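Here is how the chains run, residue by residue.
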Amino acid sequence: MTHHSDAAPDRPVDPTRRLALGGALGAATAAVVGARAANAQDAAPTGHLSGKTAFVTGGARGIGLASAEAMARAGANVVLFDIATADLPNVQYPLSSEADLATAQAAVEAHGVECMSYQGDVRNLADQQDAMRQAVDRFGSLDVVLANAGVSRAGPIEDATADDLSILFETNVNGYVKTTQAAVPHLRDAGGGRIIYVSSGLARTGNDIFGLYGSTKWAINGFAKSAAIAYGRDGITCNVIAPGLVNTPFADNEAVLGYMMPGAENPTFAEVSAAIAQGAPLGVGHLEPEEVAESVMFFTGDATRTMTGEVLDVSYGSAATSIG
Ligand SMILES: NC(=O)c1ccc[n+]([C@@H]2O[C@H](COP(=O)([O-])OP(=O)(O)OC[C@H]3O[C@@H](n4cnc5c(N)ncnc54)[C@H](O)[C@@H]3O)[C@@H](O)[C@H]2O)c1
């Protein structure tokens, strides 16, 4: 993992960057990136995020990593921020390991961009501030932020302990707020940027088994709208994607699958997906993380430069169906 502690250079705001991440890389930024990146830039992709910096929480795997790779393919240098601690009390399944984070960094670098990984906790504001400061020192700016690190919980509402509630809300709600607090000064310095929050299809309706988790995501749908108002004049857009079931360890674990198919013995992710697909408009029952990443990319692009406070359902038609 890379650590830089130099103070960030003072950079004039480039008005061409305001709300338009496709703008030219500022001269001062280019100077910071400088010769160190010359070799990497020879091979670097030249997409609409070329010369930009993307910060991804929960980037070691799943939706975060798939989105990081998509942004790298579009030319962004990437920061992968992840707790990288597999066994966390009050989480029902293993989170990423340090090895996962190292593998993820290599996967992003393979796209020809630079990648910094940072082992930190979104529940800790100082961790995120430190990681973003290092990112700006190294890459010259912060332009796109994906608030994505989250934990799930399956089970009856009345069974949740105070510690279960604490990790859910501290990670999924307060963590996203802290990501925003840490990012906004840097996005302002860059003349604007994009914050994308990963919420959930469970924040569009109620659910007795995932209700507490869903509550955290409802909170984010609302928070994003407030952030959109608060930071719009800074050229910062704040949007939400709300995915259905996604094929990651977050959903493909015993606790979640067991509650989704009660009565089935050791249900698999494929079986749960097939059951959902039966009643779904498109006959699709889950998404791969790469499909969700395409929606993340939508909110980094020029087409969405005047969209903010939106919640985009990415849920294979679930939003079209009625409850019950
Ligand atoms: N998988 C799904 O079915 C699904 C559906 C809808 C929404 N989501 C949401 O998408 C986001 C990503 O989920 P995923 O499926 O990729 O999950 P995942 O478990 O595969 O990845 C989440 C990553 O976040 C990291 N993380 C967890 N707590 C952290 C913390 N406190 N600080 C820093 N990093 C932390 C984990 O180590 C892991 O690498 C989550 O917010 C989740 O709620 C997932």
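Since this is a predicted model, take the numbers as computed values, not measurements. (Residues numbered from 1 in each chain as written. Predicted model: local features only at pLDDT ≥ 70, side-chain atom pairs only at ≥ 80, totals over all residues. Heavy atoms only, no water.)

S.K.: Which parts of the structure should I look at to understand the side chain of Glu69?
M.R.: Along the chain, the position of Glu69 falls in helix H3 (residues 62-73). Among buried charged residues, Glu69 stands out as having no salt bridge; its nearest opposite-charge side chain is Arg73, 4.3 Å away. Residue contacts for Glu69: discarding those within four places in its chain leaves Ala107, Val108 and His111. (Helix = DSSP H or I, 4+ residues; strand = E, 2+ residues; numbered from the N terminus. Buried < 20%, exposed > 50% of the residue type's maximum accessible area, 1.4 Å probe, protein only. Lys, Arg positive; Asp, Glu negative; His and termini not counted. Salt bridge = Lys/Arg side-chain N within 4 Å of Asp/Glu carboxyl O. Contact = heavy atoms within 4.5 Å.)

S.K.: It is not clear to me how the site of the ligand should be interpreted in this structure. Could you clarify?
M.R.: Taken together, the neighbourhood of the ligand is formed by 32 residues, with Asp82, Ser96, Asn148, Tyr213 and Thr248 sitting nearest. In this structure, an oxygen atom belonging to the ligand sits 2.8 Å away from a main-chain N or O atom of Ile63. Asp82 places a polar side-chain atom, nitrogen or oxygen, 2.6 Å from an oxygen atom of the ligand. The fraction of the free accessible surface of the ligand (840 Å²) that becomes covered by protein chains is 99%. If you list the elements that add at least two residues to the shell around the ligand, you get H3, helix H6 (162-189) and helix H7 (211-231). Residue composition of the shell around the ligand, by class: 16 nonpolar, 11 polar and 5 charged. (Near = heavy atom within 4 Å. Polar contact = N/O pair within 3.5 Å; in protein donor to acceptor, adjacent residues only side chain to side chain. Areas by Shrake-Rupley, 256 points an atom, 1.4 Å probe, with all protein chains shown as cover. Nonpolar A, V, L, I, M, F, W, Y, C, P; charged D, E, K, R; others polar.)

S.K.: I would appreciate a short explanation of the confidence of the model for the protein chain in the present structure.
M.R.: Close inspection of predicted coordinates is inappropriate in any region flagged by low pLDDT. Mean pLDDT over the protein chain: 89, with 86% of residues reaching 70 or higher. Predicted confidence for residues 2-41 stays below pLDDT 50, and this span has 70 contacts to residues more than four positions away or in other chains. (pLDDT = per-residue confidence, 0-100.)

S.K.: Help me out: how do you make sense of the environment of Ala293 in this one?
M.R.: With respect to the helices and strands, the residue Ala293 is situated in helix H10 (residues 289-298). Classification of Ala293 as buried rests on a relative accessible area of 2%. If we skip the residues at most four places from it in the chain, Ala293 touches Ala66, Ser67 and Ala70.

S.K.: Help me out: how do you make sense of the packing of aromatic side chains in this one?
M.R.: The description of two aromatic rings rests on the distance between their centres and on the angle between their planes. Tallied over the entire structure, the rule returns 7 aromatic pairs. Ring centres of Phe55 and Phe81 lie 5.7 Å apart, and the angle between their planes is 40°; this geometry places the pair in the tilted category. On the criterion of sequence distance, the pair formed by Phe55 in strand S1 (residues 53-57) and Phe81 in strand S2 (residues 77-82) is long-range, its members being 26 residues apart. Members of the aromatic cluster, connected to one another through ring pairs, are Phe55, Phe81 and Tyr118. (Phe/Tyr/Trp six-rings, centres within 6.5 Å; stacked < 30°, edge-to-face > 60°.)

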